[in-house]
Amino acid sequence: MVDNKPLVITCKVGDKIPEWIMERVCPERMRTMAAILRDPNPLHWDRDAVAALPLGLGHRTINQGPLGLSYMVNMLHLWTGPESIKRMVMRFPQVVLDEERVVAKGVVVAIREENGARLADCEIWLEQAERGRLLEGSATVELVKQA
Amino acid sequence: MNTIPQESEITALLGHSFPGGTYKIEHWENFLLTGCTGAELLPNGIAHPVALFHVPILGSNTSIAEMFALGQAESDLSIIPESYDWEMFEPLKEEVTYTISGKIIAAERRKNEQGQTYDWLQFCFEMTSPEQVLSARSTITWQYTRNTL
């Protein structure tokens, strides 16, 4: 018999969220994403356009902001389930480039109750080994995982 | 040097509303979108939240290109995304038709720490389910840089 009871996630302030790793940021996925988004910006699919910028980024395409954000969504989903995210606010201090290995990370900064729900406020970020934090922001998740 | 728009042209954008409309995230779209994120499809027809970027834009009958043009972007390359704020009041679902509205809630001329002028626009979109429940809100903040490229 399957137990469909929701699972209560236990955590405390300072706990680290299990990391989620994107081993290789694929330029092919950026192209698919650009088509779905109807995003005309060549930075996401034309390496020559990026190389021509005075930013020293080299011959690499720039990942869409929402795609970088999605890696943190994936981290949160694996931790607290696919219905748990209530809010995410993200900033983009650095770009994510094709072929990079990036790691979504986070830490619990507060736990609170709101309208009967137990919520965790988290600091979250996307990290690259040499360049540090590429994206950073906050997330609120409900600490109940639907079975 | 590009000609910078008059500040009054930028501030006049405050309150600009998009036509609005509806959008249904079809299964094929969610499948491709989720694949781009590197995740497996979510259960029970839940759409990946990454849809909260483009679905509100397209569903309110605008486009990334039109949003660039409204702020008189010098080029596609001149836009810097400052922040995305996604509020999720219930999970988004595939094959559900959402009613979507959107408007500009802030439009200001600013200077960065280097003294460079840029224009600062905030777009707010809301998605309402067929049951008239506010399902999600997306607030996009972009910087329209001027003469930095």
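## Structural notes on the overall build of chain B
A tally of regular secondary structure across chain B gives four helices and five strands. Going residue by residue from the N terminus, the α and β elements of chain B occur as α-β-α-α-α-β-β-β-β. Considering only C-alpha atoms, chain B reaches an extent of 50 × 30 × 20 Å along its principal axes. Across the 149 residues in chain B, those meeting the buried criterion constitute 50%. A sequence separation of at least 24 residues applies to 70% of the contacts in chain B between residues at least 6 apart. Accessible area for chain B stands at about 6,500 Å²; split by element, carbon and sulfur atoms hold 50% of it.

## Things to note about the overall build of chain A
Along its length, chain A carries three helices and seven strands. What you see in chain A, going N to C, is helices and strands ordered as β-β-α-α-α-β-β-β-β-β. Overall, chain A is about 55 × 35 × 25 Å in size when its C-alpha atoms are taken along their principal axes. A burial count over chain A gives 50% of its 147 residues as buried. For chain A, restricting intrachain contacts to residue pairs at least 6 apart in sequence, the fraction spanning at least 24 positions comes to 66%. Accessible surface computed for chain A: about 7,000 Å², of which carbon and sulfur atoms make up 52%. Here chain A contributes 19 positively and 20 negatively charged side chains, and the mean placements of these two sets differ by 2 Å.

## Focus: the sheet that holds strand E5 (residues 134–145) of chain B
Taken in spatial order, the 10 strands make up an open sheet running E2(A)-E4(A)-E5(A)-E6(A)-E3(A)-E2(B)-E5(B)-E4(B)-E3(B)-E1(B), and their pairing is antiparallel. Edge positions in the sheet fall to strand E2 (16–22) of chain A together with strand E1 (21–24) of chain B, since each has one partner strand and no second. Taking each pair of neighbouring strands and ignoring which way they run, the sheet shows an average axis angle of 25°. Both strand E4 (residues 117–128) of chain B and E5 of chain B contribute to a ladder of 11 bridges, which runs antiparallel. The residue bridging Met-127 of chain B from the neighbouring strand is Ala-136 of chain B, located in E5 of chain B.

## Focus: the nonpolar core
Ranked by internal contacts, the top residues of the largest apolar core, which has 71 residues, are Leu-76, Trp-79, Met-88 and Ile-124 of chain A together with Phe-123 and Trp-142 of chain B. No other element matches helix H3 (residues 65–80) of chain A, which puts eight residues into this core. Among residues more than four places away in sequence, those in contact with Trp-79 of chain A are Ile-9, Cys-11, Ile-17, Pro-18, Val-108, Ala-120, Cys-122, Val-141, Leu-143 and Lys-145 of chain A. By size, the runner-up hydrophobic cluster in this structure holds six residues, among which are Leu-43, Val-50, Leu-53 and Leu-97 of chain A.

## Some details on the state of the cysteines
Applying the stated criterion to the full structure yields zero disulfides over all chains. Cys-11 of chain A carries a free sulfur, and the closest cysteine sulfur to it, the one in Cys-122 of chain A, is 7.0 Å from it.

## Side note on unusual backbone geometry
Here the phi dihedral of Arg-38 of chain A falls at roughly 55°; this positive angle occurs in a residue that is not glycine. Positionally, Arg-38 of chain A belongs in the loop between helix H1 (27–37) and helix H2 (47–51). Of note in this structure, Asn-61 of chain B is not a glycine but carries a positive phi near 65°. With a relative accessible area of 48%, Asn-61 of chain B lands in the partly exposed category.

## Some points on H3 of chain A
Residue and element names in this part refer to chain A. With 16 residues, H3 extends 23 Å from end C-alpha to end C-alpha; this agrees with the ideal 22 Å at 1.5 Å per step. The buried count for H3 comes to 15 of 16 residues, which makes it a mostly enclosed element. Trailing H3 by a residue or two, Gly-81 shows a phi angle of about 100°, which is positive.

## Looking at the packing of aromatic side chains
All names here are of chain B. By the definition in use, this model includes seven aromatic pairs over all chains. Note on Phe-18 and Phe-123: the rings are 6.3 Å apart at their centroids and 25° apart in plane angle, and the pair reads as stacked. Taken as a pair, Phe-18 in the loop between helix H1 (7–11) and E1 and Phe-123 in strand E4 lie far apart in primary sequence, 105 residues in all. For the pair shown, Phe-18 and Phe-123 are each scored as buried. Relative to Trp-142, the ring of Phe-123 lies with its centre 5.7 Å away and its plane at 65°, an arrangement referred to as edge-to-face. One end of the pair, Phe-123, is in strand E4; the other, Trp-142, is in strand E5, with 19 residues separating them in the sequence. A connected cluster of aromatic rings, assembled from ring pairs, spans Phe-18, Phe-68, Phe-123, Phe-125 and Trp-142. A cation over an aromatic ring shows up here: Arg-110 above the ring of Trp-120, its NZ or CZ 3.6 Å from the ring centre.

Parameters and conventions
Residues numbered from 1 in each chain as written. Chains lettered and ligands numbered in written order. Predicted model: local features only at pLDDT ≥ 70, side-chain atom pairs only at ≥ 80, totals over all residues. Heavy atoms only, no water. Helix = DSSP H or I, 4+ residues; strand = E, 2+ residues; numbered from the N terminus. Buried < 20%, exposed > 50% of the residue type's maximum accessible area, 1.4 Å probe, protein only. Contact = heavy atoms within 4.5 Å. Areas by Shrake-Rupley, 256 points an atom, 1.4 Å probe, with all protein chains shown as cover. Lys, Arg positive; Asp, Glu negative; His and termini not counted. Charge placed at Lys NZ, Arg CZ, Asp CG, Glu CD. Pairing = 2+ DSSP bridges. Axes fitted to C-alpha atoms, helices over the stretch in contact; angles between N-to-C directions. Core = buried A, V, L, I, M, F, W, Y, C linked by side-chain atoms within 4.5 Å. Disulfide = S-S within 2.5 Å. Expected span 1.5 Å × (residues − 1). Phe/Tyr/Trp six-rings, centres within 6.5 Å; stacked < 30°, edge-to-face > 60°. Lys NZ or Arg CZ within 6 Å of the ring centre and 35° of its normal.

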